[in-house]
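Residue strings, one per chain:
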Amino acid sequence: MASVKLLILLFLVGLAKAGWRTDLELVMSRMTQAAFDNASHEDLEHLLSLLKADGSFSDLVYGQDDSESFRTHGRRQSALLYHHLNGKDLTAEILTCFSFITYDAPPNTDSNWWSHVIGVPSKMWEGVALAKDLLGTELLTDFLDRYWKDTPAGPVWNPEDNPSSMAGGNLGPRAMLGEVEGLLRGTYAEVHAQVQEALFVDLADRQPYDGNGLRQDGCLHQHNIGGDHNTDLGYLDHTLNNLYNGNYGKELLRFVSNLMSWYTGTDLDFQDATIEGLFAAFLECQQWLFRGHTQEPSTCGRHINDGTSITLYATRGGVRDTGYNLQKLGRHLEEVQAVLHRYDHVLPEPEFALSGNKYFFNSDLTVHHRREYMASVRVLSNRTTRPETWPPTQNGDGYFQGDGFMTILIDAKEYGNPKKEVFLVYDWARVPGVTNLYTTEIPQYRTGAYWSGHFFNDAKFSGGVSDGQVGVAAMVCRRPYVALRPLKSWFFFDDVIVALGTGISLGAADATGESVITTLAQLAFEGTYVIGTNNGEEVTAAFGNNVETQPVFLHHRNIGYVFLNGDERLFTLADSRTHGDDAIDIFTAWLDHGSTPDNVSHSYVVLPSFDLDQTRLFAANPHVKVISQGHDLHAVCHEPTKTIGAAFVKAGALTPSACGNSASLSLLVDTPCLALVSVSSESLDAAELSVSLADPQQMYDVIRIVVTYAGREAERVVQLPLPPKRGSSVTVAVTV
């Protein structure tokens, strides 16, 4: 009996081993196909004209241009393999190329560790994956030793590193490149287990604040900065969140989705929770951050002004490439297809359109989508860091980016053309949505230094509320070293956005002679713009400056701005700025509050996807009404939907008022909060109201509300989301 059991056991082990071999062959074939799909298609005749007898390329200066020649050589190796596999016998050329770069190329003296462990291998993996059957064991091993193992900065995949503290832009490519090495060397089992564990921590084991990775609001956070209330930063006793999906987050998404596509459906597949975490990062967050080929700019991190096309490249990797990889996993196919459709069609077909409003409560970002446009506002609290700024070269002028950076995208060309984005010549003291003291000397700062407080906002009251379709964002500005202390709010309704600001004051002691401004727009110039004046006339302008006192409206690039206070001073500038040999045309508009404003306010409506006639009509008869614009309460009514949005900085009540054709409506709250109240239905003796609430300070468990409608009153105690969902919204129905 024992011998029979042993035979059965050996038979089962053999089946298991055969199955693993089959799975491994499938994974290898998928890796090879992915390498072929990503290989360079560079013209073969041109390549061969540059290829020297020793396997180097005549136009490259190995070891003298940091890593550029090594990266180019790797890309060209993949091109040779691409043409070889398409029927051209290039065996000799491929072998000499690999032999040169393995044995004869001079050392890579690049001082950037990233180039060694990520940058160079990321351009070499396709070629070596495609060449594995040509190289022979010795050359393959020596090549991997030089560029994967014995680099000046250490190995590409190093199990001694702590993946939980590694930003996604490092973990993603290193995980995939480490698996490539393991598959080619035959050591995949150990590496795969380590990668599984690392990605589980980053994508499945969501922690509210600890380390890098996927947050409870669905967004990836990178380069988080630890702080203690009594030590270096003086603000928090937990890690500060930094939303950075446009670059490092993108790298995690595209590399990991590619890797997962190789293993899906095999016994080596990733844990279900890890795969769903990847989809969560893509569907809960990434799909909200773009329109067409343009990424929401405040999530692009420190690379926004690096001289290329960061908002365009971010979507290519984070949306297009990741979406195609995710389709191979066979899950959420309809949702992923809709995302890819929106990437390729700036005005999507109705069935693929994304329509809704979302506040990312870990990230201090509100995003608002309609088929015709997208809008966003990036605010800042004492829980979050502003978009990355690393002086002097990497977004060194991004000082004002987190102070209410507002984005409006309609045709997805608002930031200019590829390689010529407006951020190359941006005036970083005029960031749309932001109220600030203008300066030509943008302050610069680094984390870890004594002045790193510049990164933060001391205020707890900063957040958003959303019912899924409309929303409110608000921010009390208490930024260290900045004298301005306004209350700012944004109300996102179906067709319009209302922006309010109060308490804009600057004393003489803090004045510089420059004006305090609120910027409306800074984007690619389309040729002309129109200003409606208070005497009923219109000014049509092109290049140059304009100043208009008490404007009624402004229209440019299918965006209208209507001014509600009646006392604004509007400055506009259309100019051409030079970057290298390129001329980039930019339109900028801002409100000038003077050099020493005293309790000034602003109140304007943004009309996305409105033509000039629609803007004129709205200006003549606005269907929004500012109910309150005080220091402790901002409230706006959207008449067509009978919806009121409110930012209660202190507990209190709205003044009873009708919204549209509704009866008199009021809301009382016993804690500071953000609220939306809309009339869902009503009869002669009852009304059904929808009330959405959020705690922007993320400190309360319940809110007591009293709703009054047409003289009738209803009281409710509303349970707010508890940790780790604090700051998210809750919606309740109230019958009154």
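Keep in mind that this is a model prediction, so the values were computed, not measured.

Asker: I'm lost on helix 5 (residues 113-135) in this one. Help?
Answerer: What sets the pattern is the α-helix's 3.6 residues per turn: residues three or four places apart point alike. A rise of 1.5 Å per residue sets the reference length of helix 5, with its 23 residues, at 33 Å; its end C-alpha atoms lie only 28 Å apart and thus fall more than 12% short of the reference. At P121, helix 5 shows its strongest bend, of approximately 45°. The element helix 5 is extensively covered by neighbouring structure, given that 18 of its 23 residues are classed as buried. Just past helix 5, the residue G136 takes up positive phi, approximately 85°.

Asker: When you look at the nonpolar core in this model, what are you seeing that I'm missing?
Answerer: Generally speaking, soluble globular proteins have nonpolar side chains that are buried together. By size, the foremost hydrophobic cluster in this structure holds 82 residues, and its most contacted members are W125, W148 and W262. Leaving out residues up to four positions away in the same chain, W262 has contacts with V27, R30, M31, A34, W125, M176, V180 and L183. One finds W428, V431, Y438 and W590 within the second-largest nonpolar core, a separate group that totals 39 residues.

Asker: I tried to follow the pairing of strand 31 (residues 687-694) on my own but got confused; where do I start?
Answerer: On any regular strand, side chains alternate: one points to one face of the sheet, the next to the other face. Where burial is concerned, most of strand 31 is hidden: 7 out of the 8 residues are buried. Where strand 30 (residues 673-682) lies against strand 31, 8 bridges are found, and the strand directions are antiparallel. When the bridges of strand 31 are listed, E682 appears paired with A687. Counted along the chain from strand 30 to the antiparallel partner strand 31, the turn is 4 residues long. Relative to strand 34 (residues 730-735), strand 31 runs antiparallel, the two being bridged by 6 bridges. Bridging across to strand 34, L693 finds its partner in V730.

Asker: When you look at the pairing of strand 17 (residues 529-532) in this model, what are you seeing that I'm missing?
Answerer: Across the two faces of strand 17 the burial is the same, with Y529 and I531 and V530 and G532 all buried. Two strands pair when backbone bridges link them, and strand 17 and strand 18 (residues 538-541) are joined in this way by 4 bridges, in the antiparallel orientation. Note on strand 18: the bridge partner recorded for G532 is E538. Counting the residues that bridge the hairpin from strand 17 to strand 18 gives 5 residues, and of these G536 lies at a positive phi of roughly 90°.

Asker: Please clarify how the sheet that holds strand 13 (residues 471-476) should be interpreted in this entry.
Answerer: Strand pairing within a sheet occurs via backbone hydrogen bonds; the two strands may be parallel or antiparallel. Read from one edge of the open sheet, 9 strands run 12-13-14-15-24-21-20-17-18, paired in antiparallel fashion. Sheet topology places strand 12 (462-466) and strand 18 at the edges, where each strand pairs with a single neighbour. Mean inter-strand twist for the sheet, computed between neighbouring axes without regard to direction, equals 15°. Note that strand 12 and strand 13 share 5 bridges and pair antiparallel. For S462, the partnering residue across the bridge sits in strand 13 and is M475. The sheet contacts of helix 13 (residues 612-620) involve strand 17, strand 18, strand 20 (553-556), strand 21 (559-563) and strand 24 (600-608), and relative to strand 20 the element is tilted by about 165°.

Asker: Please clarify how empty space enclosed by the protein should be interpreted in this entry.
Answerer: The gaps left among the atoms become clear once a water-sized probe is rolled over them. Counted by the stated rule, this structure contains 5 cavities of 30 Å³ or more. By volume, the largest cavity amounts to about 150 Å³. Lining the largest cavity we find 17 residues, and of these M406, I408, P432, L520 and A521 sit closest to its centre. Counting only elements with at least two residues in the lining of the largest cavity, the list comes to strand 8 (405-409), strand 16 (516-524), strand 21 and strand 24. The leading source of residues in the lining of the largest cavity is strand 16, at 5 residues.

Asker: Could you clarify how one ought to interpret the layout of surface pockets in this entry?
Answerer: Roughly 370 Å³ of internal volume is contained in the second largest pocket. Looking at the second largest pocket, it is lined by 22 residues, and the ones nearest its centre are F400, L437, V482, A483 and L484. For the lining of the second largest pocket, the leading source of residues is strand 11 (residues 435-437), giving 3 residues. The residue makeup of the lining of the second largest pocket, split by class, is 13 nonpolar, 5 polar and 4 charged.

Asker: Please clarify how the packing of helix 7 (residues 168-185) against helix 9 (residues 245-263) should be interpreted in this entry.
Answerer: Helix packing geometry: the angle between the two helix axes and the distance between the axes. Between helix 7 and helix 9, the shortest axis-to-axis distance is 6 Å and the interhelical angle comes to 25°. It follows that helix 7 is roughly parallel to helix 9 by the angle criterion. Two packed elements cross with a definite hand, and for helix 7 against helix 9 that hand is left-handed. Residues G168, G169, N170, G172, P173, A175, M176, E179, V180 and L183 of helix 7 touch helix 9, and the partners they reach there are Y248, E251, L252, F255, V256, N258, L259, W262 and Y263. Broken down by class, the residue content of the contact of helix 7 with helix 9 amounts to 12 nonpolar, 5 polar and 2 charged.

Asker: What is the right way to look at the sheet that holds strand 31 in this model?
Answerer: One open sheet holds the 6 strands; their spatial order is 25-26-27-30-31-34, and the pairing between them is antiparallel. The sheet is open, and its two borders are formed by strand 25 (624-629) and strand 34, each paired with just one other strand. Neighbour to neighbour, the strand axes of the sheet diverge by 15° on average, direction disregarded. As paired strands, strand 25 and strand 26 (residues 633-638) are joined by 5 bridges and run antiparallel to one another. When the bridges of strand 26 are listed, V624 appears paired with H638.

Asker: Could you clarify how one ought to interpret helix 6 (residues 137-149) in this entry?
Answerer: Among all positions of helix 6, only L139, L140, F143, L144, D145, Y147 and W148 are buried. Residues of helix 6 that are buried in the fold lie against helix 3 (68-85), helix 4 (91-104), helix 5 and helix 7.

Asker: Would you mind showing me how to read unusual backbone geometry here?
Answerer: Of all residues except glycine, most have a negative phi; of all peptide bonds, most are trans. Along the chain, P723 connects to P724 via a cis peptide bond; the corresponding omega equals 5°. Locating P724 in the fold gives a position in the loop between strand 33 (712-719) and strand 34. The backbone of A412 sits at a positive phi, close to 65°, despite the residue not being glycine. In this structure, A412 sits in the loop between strand 8 and strand 9 (416-417). You will see that Q698, though not glycine, has its phi angle at about 55°, which is positive. Tracing the chain through its elements places Q698 in the loop between strand 31 and strand 32 (702-709).

Asker: What should I look at first to understand the state of the cysteines in this one?
Answerer: Cysteine pairs can be linked by a disulfide, which is a covalent bond between their two sulfur atoms. According to the stated counting rule, one finds 2 disulfides in the structure shown. One disulfide bridge connects C219 with C285, the sulfur atoms lying 1.9 Å from each other. Its torsion about the S-S bond being 85°, the disulfide of C219 and C285 is classed as right-handed. Placement of the pair is C219 in the loop between strand 1 (213-214) and strand 2 (220-221) and C285 in helix 10 (residues 272-285), with a sequence separation of 66 residues. Pair check on accessibility: C219 and C285 agree, each one buried. Between the sulfur of C637 and that of C659 lies a disulfide, 2.1 Å long from S to S. Handedness of the C637-C659 disulfide follows from its S-S torsion of about 95°: it is right-handed. Within this pair, whereas C637 is found in strand 26, its partner C659 is found in the loop between strand 28 (652-653) and strand 29 (665-669), the two being separated by 22 residues in sequence. Its relative accessible area of 0% is what places C637 among the buried residues. If the cysteines joined by disulfides in the protein chain are listed in sequence order, their pairing comes out as 1-2, 3-4. We note that C477 lacks a disulfide partner, and the nearest cysteine sulfur, in C673, lies 19 Å from it. Under the relative-accessibility criterion, C477 is labelled buried at 13%.

Basis of the calculations
Residues numbered from 1 in each chain as written. Predicted model: local features only at pLDDT ≥ 70, side-chain atom pairs only at ≥ 80, totals over all residues. Heavy atoms only, no water. Helix = DSSP H or I, 4+ residues; strand = E, 2+ residues; numbered from the N terminus. Expected span 1.5 Å × (residues − 1). Bend = angle between axes of the 7 residues up to and from the residue. Buried < 20%, exposed > 50% of the residue type's maximum accessible area, 1.4 Å probe, protein only. Core = buried A, V, L, I, M, F, W, Y, C linked by side-chain atoms within 4.5 Å. Contact = heavy atoms within 4.5 Å. Pairing = 2+ DSSP bridges. Axes fitted to C-alpha atoms, helices over the stretch in contact; angles between N-to-C directions. 1 Å grid on protein atoms, 1.4 Å probe; cavity = no way out; pocket = protein on both sides within 12 Å on 5 of 7 lines; lining within 4 Å. Points joined across faces, edges and corners; volume = space filled by probe spheres on them. Nonpolar A, V, L, I, M, F, W, Y, C, P; charged D, E, K, R; others polar. Parallel < 35°, antiparallel > 145°, perpendicular 65-115°, else oblique. Left-handed = near helix turned anticlockwise from the far one by under 90°. Disulfide = S-S within 2.5 Å.

Function-wise, these values are silent; they only describe arrangement.
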